[in-house]
Amino acid sequence: MALLPILCYPDPRLHTVAKPVQAADARIRQLVADMLETMYDANGIGLAATQVDVHERVVVIDTSEERDQPMVLINPEIVWASEDKQLNDEGCLSVPGIYDGVERSTAVRVTALDEHGQSRTIEAEGLLSVCIQHEMDHLLGKVFVEYLSPLKRNRIKTKMLKSRRDPVRA
């Protein structure tokens, strides 16, 4: 396994739309293992392949307290989303240190393949639902800050660019 570099907003590669995975083969299983190691090392609860500059429809998630229940979603599709919405504070490994409110469906049903190519359907609510929607946005080339006002988005962009230039971070 290997730690992968995580792209940081406003890197234009974060806006690349991911292509479907053709086969859950050894290459994809290695990508999944590397993504899980990267996510755990960064103390995240979800990571999309887009964030590690691999533009294929792969997501890893672990919202468990013990960090021992990894979930792999290959070619995920939301087949149902509740009409009920809720505002939640979200953060992102690609936008470190920034948290803000995003309104999302309170529950979703998702179909996907696991790392062995087995089809699965997941019913999710609460944090898992939010995480799935957030990570699937990455596969569409969308970062959570795009839900925010242009003013907030520009402030975040400026802060992210400044933190890259300044080697001493607060």
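Each remark here, short or long, concerns the structure printed above.
None of these values were measured; they are calculated from a predicted model.

A. Structural detail: the overall build of the protein. Of the regular secondary structure elements, the protein holds 3 helices and 7 strands. Helices (α) and strands (β) of the protein occur, in sequence order from the N terminus, as α-β-β-β-β-β-β-β-α-α. In terms of overall dimensions, the protein is globule-like: its C-alpha atoms have a radius of gyration of 16 Å, near the 15 Å expected for 170 residues. By principal-axis analysis of the C-alpha atoms, the protein measures approximately 45 × 40 × 30 Å. Within the span of the protein, comprising 170 residues, buried residues form 45% of the whole. For the protein, the computed accessible surface area is about 9100 Å², with 51% contributed by carbon and sulfur atoms. Treating the 20 positive side-chain charges of the protein as one cloud and the 26 negative ones as another, the clouds have centres 10 Å apart.

B. Quick peek at the sheet that holds strand β6 (residues 107–113). One open sheet holds the 5 strands; their spatial order is β1-β2-β3-β6-β7, and the pairing between them is antiparallel. Either end of the sheet is taken by a strand with one partner, and the two such strands are β1 (46–48) and β7 (119–125). Sheet twist, expressed as the mean angle between neighbouring strand axes with direction ignored, is 40°. Across 4 bridges, strand β2 (residues 58–61) lies against strand β3 (residues 71–81) in antiparallel orientation. Looking across to β3, one finds that V58 is bridged to I74. The sheet contacts of helix α1 (residues 26–41) involve β1, β2 and β3, and relative to β2 the element is tilted by about 40°.

C. Focus on unusual backbone geometry. Note that the residue after Y9, namely P10, is joined by a cis bond; omega there is 10°. Within the element layout of this structure, P10 appears in the segment before α1. The backbone of R67 shows a phi angle near 60°, a positive value even though the residue is not glycine. Within the fold, R67 resides in the loop between β2 and β3. On the basis of relative accessibility, which here comes to 24%, the residue R67 falls in the partly exposed class. The residue N75 is not glycine, and still its phi comes out positive at about 55°. Among the structural elements, N75 can be located in strand β3. Residue classification places N75 among the buried residues on the basis of a relative accessible area of 19%.

Rules of the game
- Residues numbered from 1 in each chain as written.
- Predicted model: local features only at pLDDT ≥ 70, side-chain atom pairs only at ≥ 80, totals over all residues.
- Heavy atoms only, no water.
- Helix = DSSP H or I, 4+ residues; strand = E, 2+ residues; numbered from the N terminus.
- Rg over C-alpha atoms; globule rule 2.2 N^0.38 Å.
- Buried < 20%, exposed > 50% of the residue type's maximum accessible area, 1.4 Å probe, protein only.
- Areas by Shrake-Rupley, 256 points an atom, 1.4 Å probe, with all protein chains shown as cover.
- Lys, Arg positive; Asp, Glu negative; His and termini not counted.
- Charge placed at Lys NZ, Arg CZ, Asp CG, Glu CD.
- Pairing = 2+ DSSP bridges.
- Axes fitted to C-alpha atoms, helices over the stretch in contact; angles between N-to-C directions.
- Contact = heavy atoms within 4.5 Å.

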